[in-house]
Every structure is written in C-alpha cells, then in structure tokens.
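# Observations on the three-dimensional arrangement
Chain residues, written in single-letter form:
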Amino acid sequence: MNPIWAHILTLVLVLLVMVTIAAGLIYVERRMLAVWQDRLGPNRTGPFGLLQVLADMIKIFFKEDWIPKFADKRVFVLAPMIIMMTILMTFAVIPFTPLISVINLNIGVLFFLAMSSLGAYSVVLAGWSSNNKYSLLGAIRGSAQMLSYEVFMGISLMGVVVMAGTFNLHDIVMAQHSIWYFIPQFVGFIVFFIAGIAETHRLPFDIPEAESELVAGYHSEYSGMKFGMFFVGEYLGITLISALIVTLYFGGWRGPHFLPPVVWFLIKMFVFILIFILMRASLPRPRYDQLMSYGWKILLPLSLLNLLITGACVLYFAPGH
Amino acid sequence: MSETENIVSALQNEFGAGFLTLQNTKDEFPTCWISADSIIEVLSYLKNIHDRPYKMLHDLSAIDEQARNYRQGQPESRFTIVYTLLSFERNSFIRLKVPLTSENPSVRTATKIWNAANWYEREVYDMFGVLFEGHPCLRRILMPQSWKGHPLQKCHPARATEMGPFQLPEDKQEEEQALLQFKPEEWGLDQVSGNDELMFLNLGPQHPGTHGVLRLVLQLDGEHIVNIVPDIGFHHRGAEKMAERQSWHTYIPYTDRVEYLGGVMNNFPYVMAVEKLGGIEIPDRAKVIRIMMSEFFRISSHLVWYGTFAQDLGMMTPVFLTFYDREKIFDVVSAICGDRMHPNWFRIGGVTQDLPNGWETLVKDFIDYFPKQLKLYDKMVMKNSLFKARTVGIGVYTTEEAIDWGITGPGLRATGFDWDFRKKQPYSGFENFEFDIPTGKNGDCYDRAWVRVQEMRQSLRIIEQCLKNMPGGDYKSSNPLTTPPRKEKTMHDIETLINHFLNVTWGPVLPPNEAIFGVEATKGYNSYYLISDGSTTSYRTRIRTPSFPHLQFVPYISKGYTIPDLMAILGSVDYVLSDVDR
C-alpha cells in the first residue's frame, strides 16, 4: 500500500479509536462507580446499557447551542476546542505498537509537555470568557493548579529520559526490554501519576470544577456540544495520561507473546483508567491551598531528588566509568 | 424553695416588689410579666446574675393578643413579646413577657445582650410588625421585602383565597425586580476594604453546596471570606400561621414537615405540649414506642447528614451507602408507621396504632446490621486523612460563643459541653435508658461530625433497650382528650361515644392555658410553645427550631476561611432549610 495512505489510515484509526474509547469511558465510569457504590448504574439503553453513551451523544448534539449574552463570544467558542485539540494531538506521539503510531517524533516527551501546557489555556479562557464569578474562580484555581503540577510532571519524567537517554517515546519503550521503568523510577512514577490526575483535574484534584463549591467551575456556562467537548476532553485526558504511564513506566506494548502488542497496551491502559475511576469513588477533595502546598513542598523536592539520584546512578554505572 | 420562687424573689429584691406580675402556666415555667421600660435591664441582670446565670436566649417571639378570650390576671396587652431564657446551672427556663399596648408597638433591642437575638427580633418584626429600637438591621427576614402586612397578626389572612386574585401588572413587576437588585449597602456590607475592592459572590438560592434553598451573599477578598449575609425565607410555608387554622389533632402532619428529615421526631414536642395543656398521662408502652421511633429518625437524619457532608468535601461514595442504610430504616419505619419520611404517627395521648406483629424481628435485624456499616464509614470517612485535613481546625467556636448564639444539640456538645436534654431534663421516660452523651473537644467541623457519628451508636443502644424492655399495655391513653379515642372502648358506654364523636368531628377542646415542650431533636433543641384559648385550635403556636440560630451563627464562624471551608462548615452545622424557615 502507498505509505501515505497507510499513514492517513493510521491517523484516522487512532483518532477514531481514541475518541470512541473516551466516549465509551463515560459508560465505563458510570458502571464502575455504580459497582463500587452498591448500585446499578445505566442499564436500560441497549444491552447492559451499552447504548447509553450513544443516547447521551444524540441528546447533547441536539441541545440548543447557547452562548450567554454576557460572554466573550469568540473566546467562549474557542476554549473547548483547545482542550480537545491539544489532547488529541498528543496521541500522535504515542506508540501503541511498534508499528502503529502516527508520528515517530524524537522529541515525543517534550511534545507532550508542550501540549499539556497549552491545555491550560482552555481552562483559563473558558473561565474568563464566561464572565461569571464561579467560572472565573474555577479558572484561577485551574490555571494555578495545572501550571504548578506541570513543573513536577516534567521533572518526574526526566528520570525516565535520563535512563533511556532519549526523548523519543518509541526508544523509551525499546529501552524497557529488561526492566519496566516503574521499578527503578518508582518515585518518578508516583509523582507523574499524581501530577497526571491534577492535569486532568479529576477527583481528588477536581478543584477547578468543585461541584459543591463552584457549581461547575470554569465550564458552568457551557451547554450542548461545547460542554460535551469539555466532558469528552476530560476522558480523553484520562486516556492520555494512562497511555503515557504505560508507555513511560510499564513497558508500553511489551508483554508475553500469546497476545498481540496492541492488546497488551490496551489492557495496561485500562488498568490505569480504572484506578482513576476508583480514586474518584473513594477520596474527598483537598482544599486549593492544601493542594498547592502539597505540590510545592512535597512533590517538587521529591521529583528533584529522584532526578538527582537517577542522574548520579546513571553516571556511576555508565560504561567506561 | 422552688426554682420559680427562688428566681422571682431574686428579681423582686433587685427591681422592687411590685414590678412584675406572675402568671401560672401548665408547663410550670416561671412566667413573669415585665414592663417594656425595664425589660432590657432585667434580661441583662438575668444573663449576668452571679448565682447561676441564664446564659442562653432560648427563644424570642411574640403573641398578637387582639382576638383573645381568656387572659384573666394578665396585664393589658396588644402584642406580647415573649423571651425564654435557659440557665444551664439551674437546669431550668424562665419566661419573660412584655405587654405592648400601642398600635405601633416598639421595644428596645436585646441584640446587645445576646447576638442570637438579632434574627429572632427580625422575625418578630416581620411577622408582627413590632419595632426593635437600636436593632442593627431591622429588615424582613422570612417574607419578601415587598410583602404587605405582617402575617402572624390575627387580621392578616391565612389563605390565598382570602386575599383576592394575584395580579402582577407591569409596574408592580418592575418594582419587585428593582427590589431584587443587590445593593451591598442595604445588606450592611462595604464595597471596599482598605485599598482593595471586594468581590461579592451570590451563593444560592440554587447551589449544590447549600442543601436547599438558602442564599448566602459572600463578601470575598480573593477566596477569603470577609463577611457573609444569609438570606433565608425561601422555604417559609407559614407553619405557625397554619396552626391557628388547624385543629389540635389535624396539625400533627404539618409538624412532620417542619424538619423534614426528622419525621416523628417533630410530632414528639408538639403532642407532648398538647398533652401537658390537656393534662393527659400517656401509657408506658406509648412512651417507649415514641422513643424508639424518634431514635430511628435520629439515625436516619444523621445518615443523610453523613453522606451529604462527605459529598460536600468531594467524596461521592458515602452518600449512596448512607442512603441505602436509610432505606433500611425506612423499611422498619414504614412497616410500623405505614409511611416513610413523614409518617404522622404520634397522636394526642399516644400513637396511632399498636406495633405490628413481628416488629421485633425487623428492629433486631437492623440492630444487627447497622454497627458494621458504621465501622465501614469510620474507615472510609472519619479516618481518611484528606477528610481530616479539610475538617480539623475549621469553623472553630467555644462553648461560650455557642451559648451566646443559642446553639444546642451536637453543635454545642462538640465544644465539650455535655448538654443533652434527654439526660438533663428527661421526657417520655428517657430517665430509664442507659446511654452516653458523646462530646468533642475543639468545637471544629471534625468534632461536630464525630459527635453525630457517636450519637448514632447511642441511638442504636436506646433502640436495643426499647426492643428488650417494651412494656405491654395500651398504646393510647384513655383520657377523653385523646384523639381519636380508641374505637373499641366507644362501643361500651355513651360517654366515650360522645367524646369520640366530638373529638373526631370538631377536634378536642383544650382548656385555656399555655405550655411549652421541647425535645432533643436531631439537630438540637426543638420546642413547641402552645397557647390555647379554649377552642379546638391553637391560639398561637410558636415553633422554636434549632436550625434557625445555627444558621445565624454561620457567618460568625466562617469569617477568614475560604469558600471550600465554608462548605465544610455549612455541612457540619447540619441545618435543614425547612427547619429554619418553617
């Protein structure tokens, strides 16, 4: 087949699969939460309620696409697109198998960090343009939270980069042939995981949209498909962070040969997605200042220390030392 | 010397012999009529009296006397202001009445003596039109600002049909909307502090964190709370006004709905106040049944609080589990009472029906089931370190502050003061039960939560004792005022048949007098103050609910904290808006 066509096919495939997974996660989350909370969850639409997502989507598409009179119209429309775009673009660098990945960037890790920084704009602009005090408070909290947790996220990743000696995600997976990085990089993994929750602002770090305080935070004024984009964007974010954890710390598509690589990748990814959901089911939400001081006082020193020790070890054990 | 003679002679020594008029009431509270000129001095004397002071303003309300038939021996009065004070050291109340004779009555404010008087005086102004001189912000509190008239005056119509059709012409609509404009000055709030402009955030009346239709106007510096002004009254249904139209018997279902999580706990003080007025002795079995059912409702109410409190702090799971357990309670309640949340089950002189066959099994099953759930919640919520981080040291107040603001119930016990009316002034046979009073230490959100959790365990103990020692005998008194009287007895003699006929068709007639009765309800001390004018309806029903002063306290304890802390405080105070607004 023409390599260009193959490339486009991969691209479309990844896009479709990821958006479908994210949408499907809405169903998975609702069912899993129900299991953990002694109730049934959606079970009426289609077999086992599987068509619930479809029904929700139809509903959300046909809702009036209302923009508040007092909102800054252009920015208001732009904000939800940013979150979808930045996250979907990051999926381009993830190697799902040795063969399936949209682009093999040699700065894959940096590309991810850059994109997640841009994602913060979505929250800020949504909150700002809504012209609503609850949205604004949510946006202020969200931007502070995302910017500070990005710092530890980046530093915690550097341990992996130092060990693999590359920014290329393909090569990082290849480098894990003898040992998955979550063992030597356990501290880094934990910091990355926590920062990942904060990046996707999921419970317990859903402070920008804390329901009992800020109604719906930065997306209070959104409805219809624009709200849908924030909603799906959140699940895309979970999928992305889970995929990255798998790639960086759990050997990516690696696994015993009785299953194809892509299946291994998806299995590992779903385990982390379920952990995300389980955390939502079990933890309360810290206060905003507690979150910040936890980040700067505990996670930052921890990730720096991790980087320092990793670097020292790599240098010490380097061949020719 | 009795407590009444004791305090009356102390007052006479201080202010002179002829200055007060005593009134005999069925509840045997010392009831003194005092002129408006000296009431503030008397209140402040009683609060600061050296020997066992009356530290808490328990209630402040009024009576419109213009339609009274029987008030022999009482001073001439058009409006009577009633102050009820509580002394913890004496373990007794005192009631002071102030007669006001003019058509535009006014009296000096008591807000300088008790902070708690603020909202009570506003309510009296709103409901009766009595002015309080020197009150810091005398606005309507329950009714809309544009309301014409004062609802609890006897001349004010009780029903919409008495008021003519509602019309909203354009100019009136504009007027109403102009009144809704938020002007910080009217609320007593400043726009700036120093050089900083402050932000106002309107929280509610529809907000997921306020648990009902409550509006809070927050004055914020960043996310820090400078001041809060609560706006209540959205849930006002005129429960006290309704009582003046219902017979003594048909008012019982309305009490169910005053604190809608409390169910029969609300019937409890009402029927006991009526029984006191009528001098009805109720059989032991009815007493124990009443205790058992009201303790079930205490657990049920605390379970709602437990789940929603955790949810306010971002935990989503407990609320599903606690509501599931609450359903288990409702299974028992509906098997016994025939309904779930508002069973309307207590009757004047007893309870509606005897316990059904097999009730022991249902109660036993619940007693066996519930403790392990409480353990699970302890693990999930109370021991969670994030939960502790959100609640320990937040919304702290001392016992003195709590008493000054009229706080009762778990909110008072969380400060370390073991005051529980079930123990201190036992009613309905509580003196025969073994249970402890859980108390906290610091008076913060966590302690308030802890006290409630322990209370559920104590309630379970009480229920277990009810199960083991349920006395036999009647579930209803044979007193002629019992409503409705037991049918089988009516078939034996003409006297009870006549009573049955009258009590069922007109309702019982209670002798003219007055009585108050209070119980340790789910949220705190809930009392009903009933005045009978010798007819089938109450002349005045005053419902003193715990949530009203508790909500008034919220701004005071929230200053300086942030919005997330406010949610923790609101959750830990555990008010119910229907209980606030009545």
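Residues numbered from 1 in each chain as written. Chains lettered and ligands numbered in written order. Predicted model: local features only at pLDDT ≥ 70, side-chain atom pairs only at ≥ 80, totals over all residues. Heavy atoms only, no water.

### What about the overall build of chain B?
As a reminder of what qualifies: Labels follow the DSSP assignment, with helices taken as runs of H or I lasting at least four residues and strands as runs of E lasting at least two, numbered in each case from the N terminus. With C-alpha atoms as the basis for the radius of gyration, the globule rule is written as 2.2 Å multiplied by the number of residues raised to the power 0.38. Only heavy atoms matter for contacts: two residues are in contact if any of them lie within 4.5 Å across the pair. Surface accessibility in these figures is a Shrake-Rupley result with a 1.4 Å probe; residues are shielded only by whichever protein chains are displayed. Residues scored as charged are limited to Lys and Arg (positive) and Asp and Glu (negative), so that His and the chain ends carry no count. Here the site of a charge means NZ on Lys, CZ on Arg, CG on Asp, or CD on Glu.
Helix and strand counts for chain B stand at 20 helices and 17 strands. Against the 2.2 N^0.38 benchmark of 25 Å for 582 residues, chain B shows a C-alpha radius of gyration of 24 Å, consistent with a compact globule. With the principal axes as the frame, chain B shows a C-alpha extent of 85 × 60 × 60 Å. Counted over contacts in chain B with a minimum sequence separation of 6, partners at least 24 positions apart contribute 69%. Here chain B displays about 21,900 Å² of accessible surface, and carbon together with sulfur accounts for 51% of that area. Put simply, chain B has 61 plus and 73 minus side-chain charges, and the middle of one group is 4 Å from the middle of the other.

### Digging into the sheet that holds strand E16 (residues 525-532) of chain B
In a beta sheet, neighbouring strands are held together by backbone hydrogen bonds and run either parallel or antiparallel to one another. All names here are of chain B. Quick reminder of the rule: A pair of strands is labelled paired if DSSP reports no fewer than 2 bridges between them. Structural elements are reduced to axes, namely lines fitted to C-alpha atoms, with helices fitted over the stretch in contact, and the angle between N-to-C directions of any two is expressed from 0 to 180 degrees.
Here we have three strands laid out as an open sheet, ordered E15-E16-E17, and antiparallel in their pairing. Lying at the two open borders of the sheet, with one neighbouring strand each, are strand E15 (513-520) and strand E17 (538-544). The average angle at which neighbouring strand axes cross in this sheet is 10 degrees, direction not considered. For E15 and E16, the ladder comprises eight bridges, and the chain directions are antiparallel. Bridge pairing in E16 links Val-519 to Asn-526.

### Considering a negative patch on the surface
Quick reminder of the rule: Excluding any residue in a salt bridge, patches collect residues exceeding 30% relative accessible area, merging like charges within 9 Å and nonpolar Val, Leu, Ile, Met, Phe, Trp and Tyr side chains within 5 Å. Here, a salt bridge means any side-chain nitrogen of Lys or Arg that lies within 4 Å of a carboxyl oxygen of Asp or Glu.
Together, Glu-170, Asp-171, Glu-174 and Glu-175 of chain B make up a negatively charged patch on the protein surface. Along the chain, Glu-174 of chain B falls in helix H4 (residues 170-180).

### Things to note about the pairing of strand E5 (residues 92-100) of chain B
All names here are of chain B. Short version of the rule: Only protein chains enter the calculation, and the probe is 1.4 Å; a residue is then buried if its accessible area is under 20% of its type maximum, exposed if over 50%, and partly exposed in between.
The element E5 is extensively covered by neighbouring structure, given that nine of its nine residues are classed as buried. With burial as the criterion, each face of E5 is covered, one bearing Ser-92, Ile-94, Leu-96, Val-98 and Leu-100 and the other bearing Phe-93, Arg-95, Lys-97 and Pro-99. Where strand E4 (residues 79-87) hands over to E5, the hairpin turn is made up of four residues, of which Asn-91 adopts a positive phi near 60 degrees.

### Considerations on the packing of aromatic side chains
In plain terms, the rule: A pair of Phe, Tyr and Trp rings is counted when the ring centres sit within 6.5 Å of each other, with Trp represented by its six-membered ring. The angle between the planes then sorts it: under 30 degrees is stacked, over 60 is edge-to-face, the rest tilted. We call a charge positioned above a ring when the Lys NZ or Arg CZ atom is no farther than 6 Å from the ring centre and deviates by at most 35 degrees from the ring normal.
If you walk through the whole model with that rule in mind, you get 53 aromatic pairs over all chains. Between Phe-193 of chain A and Phe-276 of chain A the ring centres are 5.6 Å apart and the planes differ by 65 degrees, which places this aromatic pair in the edge-to-face class. Taken as a pair, Phe-193 of chain A in helix H7 (residues 186-199) and Phe-276 of chain A in helix H10 (residues 261-282) lie far apart in primary sequence, 83 residues in all. Accessibility classification places Phe-193 of chain A together with Phe-276 of chain A in one group, the buried group. Of note, Arg-290 of chain B hangs over the ring of Phe-346 of chain B, and the distance from its end group to the ring centre comes to 5.4 Å. The ring of Phe-435 of chain B has Lys-423 of chain B sitting right over it, with the charged end atom 4.1 Å from the ring centre.

### Here we look at the environment of Val-162 of chain A
Residues and elements named next belong to chain A. With respect to the helices, strands and loops of the structure, Val-162 is situated in helix H5 (residues 133-164). Sequence spacing of Val-162 and Asp-65 is 97 residues, and the spatial spacing of their C-alpha atoms is 48 Å. Excluding anything up to four places from it in sequence, Val-162 contacts Leu-307, Thr-310, Gly-311 and Val-314.

### Observations concerning the confidence of the model for chain B
The line we're drawing: Each residue carries a pLDDT value, the predictor's own confidence for that position, ranging from 0 to 100.
On average, residues of chain B carry a pLDDT of 86, and 99% of them reach 70 or more. Among the prediction metrics, the complex's ipTM stands at 0.82, with pTM recorded as 0.87.

### Some points on the nonpolar core
All names here are of chain B. The following threshold applies: By nonpolar core we mean a set of buried residues, namely Ala, Val, Leu, Ile, Met, Phe, Trp, Tyr and Cys, connected to one another through side-chain atoms within 4.5 Å. Segmentation into domains, and thus their bounds, comes from an automatic or database assignment.
The biggest cluster of nonpolar side chains holds 175 residues, and the ones touching the most others in it are Ile-81, Tyr-83, Leu-96, Met-292 and Met-293. For this core, the leading source of residues is helix H8 (residues 284-312), giving 14 residues. Three or more residues apiece are contributed to this core by two domains, here domain 1 (3-153) and domain 2 (239-484 + 492-581). Once residues lying within four places of it in the same chain are set aside, the contact partners of Met-292 are Ile-336, Leu-355, Trp-359, Val-363, Ile-463, Cys-466 and Met-470.

### Looking at the sheet that holds strand E10 (residues 199-203) of chain B
Residues and elements named next belong to chain B. Judged by pairing direction, the sheet is antiparallel, and its three strands sit side by side in the order E10-E11-E12 without closing on themselves. On the outer flanks of this sheet lie E10 and strand E12 (224-231), each paired with one strand and no other. Between one strand axis and the next, the sheet turns by 20 degrees as a mean value, whatever way the strands run. Where strand E11 (residues 215-221) lies against E12, seven bridges are found, and the strand directions are antiparallel. Paired with Val-217 across the strands is Val-229, a residue of E12.

### What about the pattern of salt bridges?
All names here are of chain B. Evaluation of the coordinates by the stated rule reveals 41 salt bridges over all chains. The shortest N-O distance in the salt bridge between Arg-71 and Glu-65 comes to 3.2 Å. Take Glu-65: its relative accessible area is 4%, and that puts it in the buried class. Here the salt bridges do not stand alone but share partners, grouping Glu-295, Arg-298, Arg-413, Asp-420, Arg-422, Glu-455 and Glu-520 into one network.

### With respect to the interface of chain B and chain A
Under the convention used in this document: The buried area of a pairing is the accessible area, by a 1.4 Å probe, that goes missing from both parts when the two are put together, added over both. Any pair of nitrogen or oxygen atoms within 3.5 Å is treated as a polar contact; in protein, a donor-acceptor pairing is required on top of that, and neighbouring residues in sequence qualify only through side-chain atoms on both sides. Each residue gets one label: Ala, Val, Leu, Ile, Met, Phe, Trp, Tyr, Cys and Pro are nonpolar, Asp, Glu, Lys and Arg are charged, and the others, such as Gly, are polar.
Every contact between the two is made by 30 residues of chain B and, on the other side, 25 residues of chain A. Carbon and sulfur atoms supply 60% of the area that chain B and chain A bury against each other, a total of about 2,400 Å² over both sides. Put simply, chain B and chain A have one salt bridge between them. Among the ionic pairs, Arg-287 of chain A bridges to Asp-565 of chain B, the shortest N-O distance being 2.9 Å. Put simply, chain B and chain A have eight residue pairs in polar contact (both at pLDDT 80 or more) between them. Among the secondary structure elements, those contributing two or more residues to the side of chain B that touches chain A are E10, H8, helix H9 (317-337), helix H11 (385-391) and helix H19 (563-573) of chain B. In terms of residue count, the dominant contributor to the side of chain B that touches chain A is E10 of chain B (five residues). A per-class count over the side of chain B that touches chain A returns 17 nonpolar, nine polar and four charged.

### Considering the side chain of His-150 of chain B
Residue and element names in this part refer to chain B. Relative to the elements of secondary structure, His-150 occurs in the loop between strand E7 (131-133) and H4. Since its relative accessible area comes to 18%, His-150 is described here as buried. Separated by 3.1 Å, the side chain of His-150 and the backbone oxygen of Tyr-125 make a polar contact. Polar side-chain contacts of His-150 include one of 3.0 Å to the backbone oxygen of Asp-126. Setting aside anything within four residues of it in sequence, one finds His-150 in contact with Tyr-125, Asp-126, Met-127, Phe-128, Gly-129, Arg-140 and His-156.

### Quick look at the side chain of Thr-31 of chain B
All names here are of chain B. If you trace the backbone, Thr-31 turns up in strand E2 (residues 31-34). Within the structure, Thr-31 has its side chain in polar contact with the side chain of Arg-95 (distance 3.1 Å). Once residues within four sequence positions are removed from consideration, Thr-31 is found in contact with Thr-21, Leu-22, Gln-23, Thr-25, Arg-95 and Lys-97.

### Comments concerning a positive patch on the surface
All names here are of chain B. On the surface, a cluster of positive charge is contributed by Lys-375, Lys-379, Lys-383 and Lys-388. With respect to the helices and strands, the residue Lys-379 is situated in helix H10 (residues 359-382). Exposure remark for Lys-379: the relative accessible area of 65% places this residue in the exposed category.

### Details of a nonpolar patch on the surface
Residue and element names in this part refer to chain A. A surface patch of nonpolar side chains, about 610 Å² in accessible area, is lined by Ile-4, Trp-5, Ile-8, Leu-11, Val-12 and Leu-16. Along the chain, the position of Ile-4 falls in helix H1 (residues 3-36). Judged by its relative accessible area of 56%, Ile-4 falls in the exposed class.

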